Amino acid sequence: MSDRYFIDTNIFVYAYDERYPEKQKTAIELIRNASVGRAGVVSYQVVQEFFNVVLTKANPPMRQDDAQQYLATVFRPLLAVHSSAALVSEALQLQGKHRLSWYDSLIVAAAMEARCGVLYSEDLQHGQRFGDLTIANPFR
């Protein structure tokens, strides 16, 4: 099993969102460890979803210059999976087999492509397995 782990979008949103201080603390620590230890990864989808939330739906919205800084310092070192036909094909298979939402199936497929042992997410069932990949809710 790999010591690499994948971090879902909701972890990054909680790191930005001050309304849930306990979740924010956990999320910040997980992201910090991912950067320092170089074991954490994300996909292009995570980057897109995060900026969609913090630039348009957060209160207050993230400023453009802060978004550029976040992209450069947080996401670029972690970004390991880009969109591809193979990723979409695997997501389609996962969606059909496990009845996942489309976006969740893309996240799982990306974590599997990156050969991660753990996918940290609040959106999927804690302990659920997809081959060698295990879902872990860091807020439990």
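Parameters at a glance
- For every chain, the first residue of its written sequence is number 1, and the numbers climb from 1 along that sequence.
- Local features in this predicted model are restricted to residues whose pLDDT is 70 or higher, and side-chain atom pairs enter the listing and the counts only when it is 80 or higher, whereas totals over whole chains, interfaces and linings include all residues.
- Working from all heavy atoms in the structure, the side-chain values ignore hydrogens and water.
- Only C-alpha atoms enter the line fits that serve as axes; for helices the fit covers just the stretch in contact. Angles between N-to-C directions range over 0 to 180 degrees.
- Helix and strand definitions here come from DSSP, where helices need a minimum of 4 consecutive H or I residues and strands a minimum of 2 consecutive E residues; each element is numbered from the N-terminal end.
- Roughly parallel means an angle under 35 degrees; roughly antiparallel, over 145; roughly perpendicular, 65 to 115; everything else is oblique.
- The handedness criterion is simple: a crossing whose near helix is rotated anticlockwise from the far helix by less than a right angle is left-handed, and one whose near helix is rotated clockwise is right-handed.
- Throughout, a contact is declared for two residues whenever any of their heavy atoms are within 4.5 Å.
- Each residue is assigned to one of three groups, with Ala, Val, Leu, Ile, Met, Phe, Trp, Tyr, Cys and Pro labelled nonpolar, Asp, Glu, Lys and Arg labelled charged, and all others, Gly among them, labelled polar.
- Strand pairing follows a simple DSSP-based rule, namely that at least 2 bridges must link the two strands.
- Note on exposure labels: buried denotes an accessible area under 20% of the residue type's maximum, exposed denotes more than 50%, and partly exposed covers the range between, all computed with a 1.4 Å probe on protein chains only.

Visitor: Quick one: what's the story with the packing of helix H1 (residues 9–16) against helix H2 (residues 21–37), residue by residue and with numbers?
Guide: Running from N to C, H1 and H2 cross one another at 120 degrees; their axes reach a closest spacing of 7 Å. When the axes of H1 and H2 are compared, the pair comes out oblique. Crossing handedness for the pair H1 and H2: left-handed. Along its contact with H1, which presents Ile11, Phe12, Tyr14, Ala15 and Tyr16, the element H2 presents Lys23, Gln24, Ala27, Ile28, Leu30 and Ile31. Per-class residue counts for the contact of H1 with H2 are nine nonpolar, one polar and one charged.

Visitor: Which residues make up the sheet that holds strand S6 (residues 133–136), and what are the values?
Guide: Taking strand neighbours across the sheet as the criterion, the six strands line up as S3-S2-S1-S4-S6-S5 in an open arrangement whose pairing is mixed. Single-partner strands in this sheet number two, and they are strand S3 (79–81) and strand S5 (129–130). The sheet contacts of H2 involve strand S1 (5–7), strand S2 (40–43) and strand S4 (118–120), and relative to S1 the element is tilted by about 135 degrees.

Visitor: Explain the environment of Gln125 to me, using residue names and the numbers behind them.
Guide: Position of Gln125 relative to the elements: it lies in the loop between S4 and S5. Given a relative accessible area of 55%, Gln125 falls into the exposed group.

Visitor: Quick one: what's the story with the pairing of S2, residue by residue and with numbers?
Guide: Successive side chains on a regular strand alternate, one facing one side of the sheet and the next facing the other. Going residue by residue along S2, you find Gly40 and Val42 tucked away on one face and Val41 and Ser43 tucked away on the opposite face as well. Inspection of the sheet shows S1 paired to S2 by two bridges, in the parallel sense. Across the sheet, Phe6 pairs through a bridge with Val41, a residue of S2. Where S2 lies against S3, two bridges are found, and the strand directions are parallel. Note on S3: the bridge partner recorded for Ser43 is Val81.

Visitor: An account of the side chain of Ser105 is needed here, citing residue identities and associated values.
Guide: Assignment of secondary structure puts Ser105 in helix H6 (residues 102–113). On the basis of relative accessible area, Ser105 is assigned to the buried category, the value being 0%. For Ser105, the contacting residues outside a window of four places in its chain are Ala91, Leu94, Gln95 and Leu100.

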